[in-house]
2 protein chains.
Amino acid sequence: MSTNSRMSVAVHVLAWIAYDRRGTDKEIATSERIATSVNTNPVVIRRALGQLKAAGLVDGSRGRLTGWELTRDAARITLLDVYRAVGEGEVFALPAAPPDAECYVGYGIHDVLAGTYRNAQQALCAELERVTIADVLRDALARYESRSLA
Amino acid sequence: MSTNSRMSVAVHVLAWIAYDRRGTDKEIATSERIATSVNTNPVVIRRALGQLKAAGLVDGSRGRLTGWELTRDAARITLLDVYRAVGEGEVFALPAAPPDAECYVGYGIHDVLAGTYRNAQQALCAELERVTIADVLRDALARYESRSLA
DNA sequence: TTAACATGTAACCGAAGCAGTTACATAGTT
DNA sequence: AACTATGTAACTGCTTCGGTTACATGTTAA
């Protein structure tokens, strides 16, 4: 599929913010710092944060020493929320050109496909809804802890 | 999502071939004729047929007056078969650049995401598997029959 | 055997989307 | 007022897609 990586970036960003750093170095969540963890450019992070902010998942201001915050508990942000926030469209696309409406098959097939795609998409979304940012963070940290057994 | 229309084209092609034209004009299934129904270029159809043939869903030769055929009943070809035949990859992608392995979050997040994506993708595929080409054809024809009520 | 027909495939085009980057105006803090 | 970080525009290189032309190859029918 075509597929961009915005979903992955957005989840990473949220998990990074969700991680409680009060014990460590009191690192404020800036696009710069997050970009280091994601290994990309700060602007890419700002674009992601912009979408997440528009969706009401995070909040932040321009001032110094501010830092981004989640607007609610990480356990209450699902990957479906993120999926919608980053504006991912449909998984399947119909051809731009409409089929031959004179053809027995062509006449209605786009509508039929659209319905089928809707069901498939819904199944996908239902699965995304079962996972939260808290889940992702927990699993990621678990992997970090159990590393270095190599 | 990125999203191409190959899936849609392939399903259209299969439904077109599945439609029994013995009663009508005995139209042989050529890339040219199918292209008319799909409203695209014959080469696009040939590319699709090439993938479907490689997947063993259709068969055809170069000769004249041959025509493409399904290798099995339309009721036994699922949209999941088609999905795999057209080589659609994963719905979600991870960033090309690996995250910062020193970061508590970055270290394991790609693996975590990959697992989640796998589950979501599986849900999608399960839904596609429930629909066959025969289903699509039946529904499309039903729409054709009940048209012109406008 | 030969003419007709249809496929397979390479090659190219324009359009679109994406990630990355630079640059800079703007806004909020200290 | 100085500092800091965001928001955003603009540009780049890369990739993919659908569409198109062109042509060699293979198969059938006459």
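Definitions and limits used
Residues numbered from 1 in each chain as written. Chains lettered and ligands numbered in written order. Predicted model: local features only at pLDDT ≥ 70, side-chain atom pairs only at ≥ 80, totals over all residues. Heavy atoms only, no water. Disulfide = S-S within 2.5 Å. Buried < 20%, exposed > 50% of the residue type's maximum accessible area, 1.4 Å probe, protein only. Core = buried A, V, L, I, M, F, W, Y, C linked by side-chain atoms within 4.5 Å. Contact = heavy atoms within 4.5 Å. Near = heavy atom within 4 Å. Polar contact = N/O pair within 3.5 Å; in protein donor to acceptor, adjacent residues only side chain to side chain. Helix = DSSP H or I, 4+ residues; strand = E, 2+ residues; numbered from the N terminus. Nonpolar A, V, L, I, M, F, W, Y, C, P; charged D, E, K, R; others polar. Phe/Tyr/Trp six-rings, centres within 6.5 Å; stacked < 30°, edge-to-face > 60°. Least-squares fit on C-alpha atoms with pLDDT ≥ 70 in both. Expected span 1.5 Å × (residues − 1). Arc of directions from axis to C-beta. Buried area = accessible area lost by both parts, 1.4 Å probe. Salt bridge = Lys/Arg side-chain N within 4 Å of Asp/Glu carboxyl O.

K.L.:
Run through the state of the cysteines, naming residues and quoting values.
P.N.:
Tallied over the entire structure, the rule returns 0 disulfides over all chains. Sulfur of C125 of chain B: no disulfide; nearest cysteine sulfur belongs to C125 of chain A and is 15 Å away. On the basis of relative accessibility, which here comes to 14%, the residue C125 of chain B falls in the buried class.

K.L.:
Give me the nonpolar core: which residues, what numbers.
P.N.:
Among the nonpolar cores identified, the biggest contains 93 residues, and M7 and V82 of chain A are the most heavily contacted of them. Sequence-distant contacts of V82 of chain A, that is, excluding residues within four places in its chain, are made with M7, A10, V11, L14, L52, L57, I77 and I133 of chain A.

K.L.:
Could you give an account of the protein's contact with DNA strand D, with specific residues and numbers?
P.N.:
Around DNA strand D sit 23 residues, and of these S31 of chain A together with S5, T40, R47 and R62 of chain B come closest. Among atoms of DNA strand D positioned within 4 Å of the protein, sugar and phosphate together represent 62%. Between DNA strand D and S5 of chain B there is a distance of 2.7 Å, counted from a phosphate oxygen to a backbone nitrogen or oxygen. Residue assignment for the surface near DNA strand D shows that the elements contributing at least two residues are α3 (42-54) of chain A together with α3 (42-54) of chain B. No other element matches the 4 residues that α3 of chain A contributes to the surface near DNA strand D. Among the residues forming the surface near DNA strand D, the class breakdown is 5 nonpolar, 9 polar and 9 charged.

K.L.:
Describe in detail the packing of aromatic side chains, supporting the description with residues and values.
P.N.:
The geometry of an aromatic ring pair is captured by the separation of the ring centres together with the interplanar angle, meaning the angle of the planes. With the rule as written, the count across this model stands at 10 aromatic pairs over all chains. Aromatic pair F92 of chain A and Y83 of chain B: ring centres 5.9 Å apart, planes at 80 degrees, arrangement edge-to-face. With F92 of chain A in the loop between α4 (79-85) and α5 (106-129) and Y83 of chain B in helix α4 (residues 79-85), the pair connects residues from two separate chains. The same class applies to F92 of chain A as to Y83 of chain B, namely buried.

K.L.:
Give me the environment of A75 of chain A: which residues, what numbers.
P.N.:
Topologically, A75 of chain A is positioned in the loop between β2 (69-70) and α4. Sequence separation between A75 of chain A and V131 of chain A is 56 residues, and the spatial gap between their C-alpha atoms is 8.8 Å.

K.L.:
Describe the side chain of T3 of chain A, naming the residues involved and giving the relevant values.
P.N.:
You can see T3 of chain A is positioned in the segment before α1 (6-18). Taking relative accessible area as the criterion, T3 of chain A reaches 17% and is therefore assigned buried. Within the structure, T3 of chain A has its side chain in polar contact with the backbone oxygen of E90 of chain B (distance 3.2 Å).

K.L.:
Just give me the short version of the relation of the copies chain A and chain B, but keep the residues and values in it.
P.N.:
When chain A is brought onto chain B, the operation consists of a screw motion whose angular component is 180 degrees and whose axial shift is 0.0 Å, with 0.0 Å RMSD remaining. One copy is carried onto the other by what is essentially a two-fold rotation axis. Of the interface residues in chain A, 100% have counterparts in chain B that sit at the interface too, so the contact is made through matching surfaces.

K.L.:
Explain the environment of E27 of chain A to me, and be specific about the residues and the numbers.
P.N.:
All names here are of chain A. With respect to the helices and strands, E27 occurs in the loop between α1 and α2 (31-38). Expressed as a C-alpha distance, the spacing of E27 and L65, which sit 38 residues apart in the sequence, is 9.6 Å. Residue contacts for E27: discarding those within four places in its chain leaves W16, R21 and R33.

K.L.:
Talk me through helix α6 (residues 133-145) of chain A; I want residue IDs and the actual numbers.
P.N.:
Between its first and last C-alpha atoms α6 of chain A spans 18 Å; for 13 residues at 1.5 Å apiece the expected length is 18 Å, and the two agree. Three or more residues of α6 of chain A are buried, namely I133, V136, L137, A140, L141 and Y144 of chain A. End-on, the buried residues of α6 of chain A take up no more than an arc of 125 degrees, which puts them together on one face. Contacts from the buried residues of α6 of chain A go to α1 and α4 of chain A together with α5 (104-129) of chain B.

K.L.:
Can you break down the interface of chain A and chain B residue by residue, with the values?
P.N.:
Contacts between the two partners involve 62 residues from chain A and, on the opposite side, 62 residues from chain B. Both faces combined, the contact of chain A with chain B buries some 5,300 Å², and carbon together with sulfur accounts for 71% of it. In this assembly, chain A and chain B are joined by 2 salt bridges. The partner of R143 of chain A in a salt bridge is D111 of chain B, and the shortest N-O contact between them spans 3.5 Å. Counting across the chain A and chain B interface gives 11 residue pairs in polar contact (both at pLDDT 80 or more). For the side of chain A that touches chain B, the elements supplying multiple residues, two or more each, are α1, α2, α4, α5 and α6 of chain A. It is α5 of chain A that contributes the most residues to the side of chain A that touches chain B, 16 residues altogether. Residues of the side of chain A that touches chain B, tallied by class, amount to 37 nonpolar, 15 polar and 10 charged.

Keep in mind that these numbers describe shape and distance, not what the molecule does.
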